[in-house]
Amino acid sequence: MSLGSRSWALQGEPKAVQVGQVTAVAWPAQQGLAVELARRAGEATTWPGIGRRSPGPLHLIIVPDGRHLDSLSSGRAPKWGAAVALPGARTILLRADQGDLYQTLRHELAHLALHQAVRVRVPLWFDEGYASWAAGEWSRLEGLELNVAVVRGRVPDLRSLDGALRGSASTAGAAYALAASAVTELARRNPSGSLNPLMAQLMDGRDFEAAVLATTGLSISQFDAEWRKSVRRRYSWITWILAGGGWGILALGIWLLVKVRKRADLPRRAALDEGWEIAPEPTGAPELDRDAER
């Protein structure tokens, strides 16, 4: 038996538990967690632009770690991924060792809700941006305030954003936040200030690009350009400093000043050390002067 298969054996055999319409599958150590997550997954939820919906029958598989997730998803999940939604199979795979499990679950449920309501093809950036927005992952947007690449104006176009969403862990965090900001911009560009008109068009079977044009007055290429301008305006060096980046510069400046001062003091310290001799300390205790005592 290989080390890998031995590790799997130590986990025990996964078991399925039915919680309402949700079939929860988990290894013994995650059984209690799986039941609680399945209970939440089965609740009716209100989704932006879609309305209140029950998820219906689905499989929720709680895996112990990334290796199990990679194996069960046939490599669809990136190594840094916390979960995978398979809308066609009505299945969610969720890692038990990663982040906020309830928010991650909501993100994946949003994918299922979107694909259940919208039958036309949507781009990856919209799919992930919608799920991030619906899951309330606002910390992603806050993270853009300190992202130096974004602050410098290096904002990818929407086509490149699709690739970044499946990139490395270092680039994917900003990519998810940018995708959420693009979906937010779609809502802002409509007079209603919401996604409702766009989602209504998509649920009626209208092509994505045609739906964007009808609800924002912009072609997808025009929207792309306007969205990037909006990101550059919002996330500037001023927002970076206000968000805390200035403290980093201050700390670095103080550290450099200390280093320079120490280097400048080296010749003076060396000069002071020259010629200094310290007499050895006496080894025994001094005898008392008895005559002086009298």
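Definitions and cut-offs
Residues numbered from 1 in each chain as written. Predicted model: local features only at pLDDT ≥ 70, side-chain atom pairs only at ≥ 80, totals over all residues. Heavy atoms only, no water. Helix = DSSP H or I, 4+ residues; strand = E, 2+ residues; numbered from the N terminus. Buried < 20%, exposed > 50% of the residue type's maximum accessible area, 1.4 Å probe, protein only. Contact = heavy atoms within 4.5 Å. Areas by Shrake-Rupley, 256 points an atom, 1.4 Å probe, with all protein chains shown as cover. Core = buried A, V, L, I, M, F, W, Y, C linked by side-chain atoms within 4.5 Å. Pairing = 2+ DSSP bridges. Salt bridge = Lys/Arg side-chain N within 4 Å of Asp/Glu carboxyl O. 1 Å grid on protein atoms, 1.4 Å probe; cavity = no way out; pocket = protein on both sides within 12 Å on 5 of 7 lines; lining within 4 Å. Points joined across faces, edges and corners; volume = space filled by probe spheres on them. Nonpolar A, V, L, I, M, F, W, Y, C, P; charged D, E, K, R; others polar. Axes fitted to C-alpha atoms, helices over the stretch in contact; angles between N-to-C directions.

K.L.:
Looking at this model, I keep getting lost on the overall build of the protein chain. Mind explaining?
P.N.:
When its secondary structure is counted, the protein chain shows 14 helices and seven strands. Every one of the 294 residues in the protein chain was classed for burial, and the buried ones make up 37%. A separation of at least 24 residues holds for 63% of the contacts in the protein chain among residues at least 6 apart in sequence. Accessible area for the protein chain stands at about 17200 Å²; split by element, carbon and sulfur atoms hold 55% of it.

K.L.:
Explanation requested: the nonpolar core in the structure shown.
P.N.:
The nonpolar side chains of soluble globular proteins are, as a tendency, buried together. Of all hydrophobic cores here, the largest spans 58 residues; its most connected members are Trp-125, Phe-126 and Tyr-130. Leaving out residues up to four positions away in the same chain, Phe-126 has contacts with Leu-114, Val-183, Leu-186, Leu-198, Met-199, Leu-202 and Phe-208. Of all hydrophobic cores here, the second largest spans nine residues; its members include Trp-27, Val-63, Leu-69 and Leu-86.

K.L.:
I'm lost on the pairing of strand β1 (residues 15–19) in this one. Help?
P.N.:
In the case of a regular strand, side chains alternate between the two sheet surfaces. As paired strands, β1 and strand β2 (residues 22–26) are joined by five bridges and run antiparallel to one another. Considered in β2, the bridge of Val-19 is made with Val-22. Following β1, the chain reverses through two residues before pairing antiparallel with β2; Gly-20 in that reversal takes a positive phi of roughly 65°.

K.L.:
Explain the pattern of salt bridges to me, please; I cannot follow it from the model alone.
P.N.:
Considering all chains together, one arrives at ten salt bridges under this definition. Among the salt bridges present, the one from Glu-185 reaches Arg-189, with a minimum N-O distance of 3.0 Å. Classification of Glu-185 by relative accessible area gives buried; the value is 5%. Here Lys-229 and Glu-226 are joined by a salt bridge, their closest N and O atoms 3.7 Å apart. Of this pair, Lys-229 and Glu-226 both sit in helix α12 (residues 220–234), separated by three residues, roughly a single helical turn. Assessed through its relative accessible area of 42%, Lys-229 is described here as partly exposed. A relative accessible area of 23% means that Glu-226 is categorised as partly exposed. Taken together, the salt bridges that share partners define one network made up of Glu-185, Arg-188, Arg-189, Glu-226 and Lys-229.

K.L.:
Would you mind showing me how to read the layout of surface pockets here?
P.N.:
Empty space among the atoms becomes apparent when a probe as large as a water molecule is rolled across them. The calculated volume of the largest pocket comes to roughly 1300 Å³. Lining of the largest pocket is provided by 49 residues; of these, His-111, Leu-124, Glu-128, Arg-166 and Tyr-176 occupy positions nearest its centre. Elements supplying a minimum of two residues to the lining of the largest pocket: β6 (83–86), α4 (101–117), α5 (124–134), α6 (138–144), α8 (158–164), α9 (169–188), α11 (208–216) and α12. The dominant element in the lining of the largest pocket, judged by the number of residues it contributes, is α4, at seven residues. Looking at side-chain class alone, the lining of the largest pocket contains 22 nonpolar, eleven polar and 16 charged residues.

K.L.:
Any chance you could explain the sheet that holds strand β7 (residues 91–95) here in plain terms?
P.N.:
The strands that make up a sheet pair up through hydrogen bonds in the backbone, lying either parallel or antiparallel. Strand order across the open sheet formed by five strands is β1-β2-β5-β7-β6, with mixed pairing between neighbours. The sheet is open, and its two edges are formed by β1 and β6, each paired on a single side. Here the strands of the sheet are splayed against their neighbours by 15° on average, with no regard to which way each runs. Most of the contacts of α4 go to β7, to which it runs at about 160°, and overall it touches β5 (58–63), β6 and β7.

K.L.:
I'm lost on empty space enclosed by the protein in this one. Help?
P.N.:
For the structure shown, the criterion picks out one cavity of 30 Å³ or more. There is about 100 Å³ of room inside the largest cavity. Trp-47, Ser-54, Pro-55, Leu-109 and Ala-113 are the residues nearest the centre of the largest cavity, which is lined by 13 residues in total. Counting only elements with at least two residues in the lining of the largest cavity, the list comes to β3 (45–47) and α4. It is α4 that provides the largest number of residues to the lining of the largest cavity, a total of four residues. Within the lining of the largest cavity, the residues separate by chemical class into seven nonpolar, three polar and three charged.

K.L.:
What should I look at first to understand the pairing of β7 in this one?
P.N.:
Within β7, five of the five residues are buried, leaving the element largely enclosed by the surrounding structure. Of the pairings in the sheet, the one linking β5 to β7 comprises five bridges and is parallel in character. By the bridge assignment for β7, His-59 is matched with Thr-91. As defined by bridge partners, β6 adjoins β7 across four bridges and the pair is classed as antiparallel. By the bridge assignment for β7, Val-84 is matched with Leu-93. Taking the residues that link successive antiparallel strands as the turn, the β6-β7 hairpin has four residues, and the phi of Arg-90 there is positive, at about 50°.

K.L.:
Please explain α5 as it appears in this structure.
P.N.:
Within an α-helix, residues lying three or four positions from one another point in the same direction, as the helix has 3.6 residues per turn. Where burial is concerned, most of α5 is hidden: ten out of the eleven residues are buried. Just past α5, the residue Gly-136 takes up positive phi, approximately 70°.

Shape is all these values report; function is a separate question.
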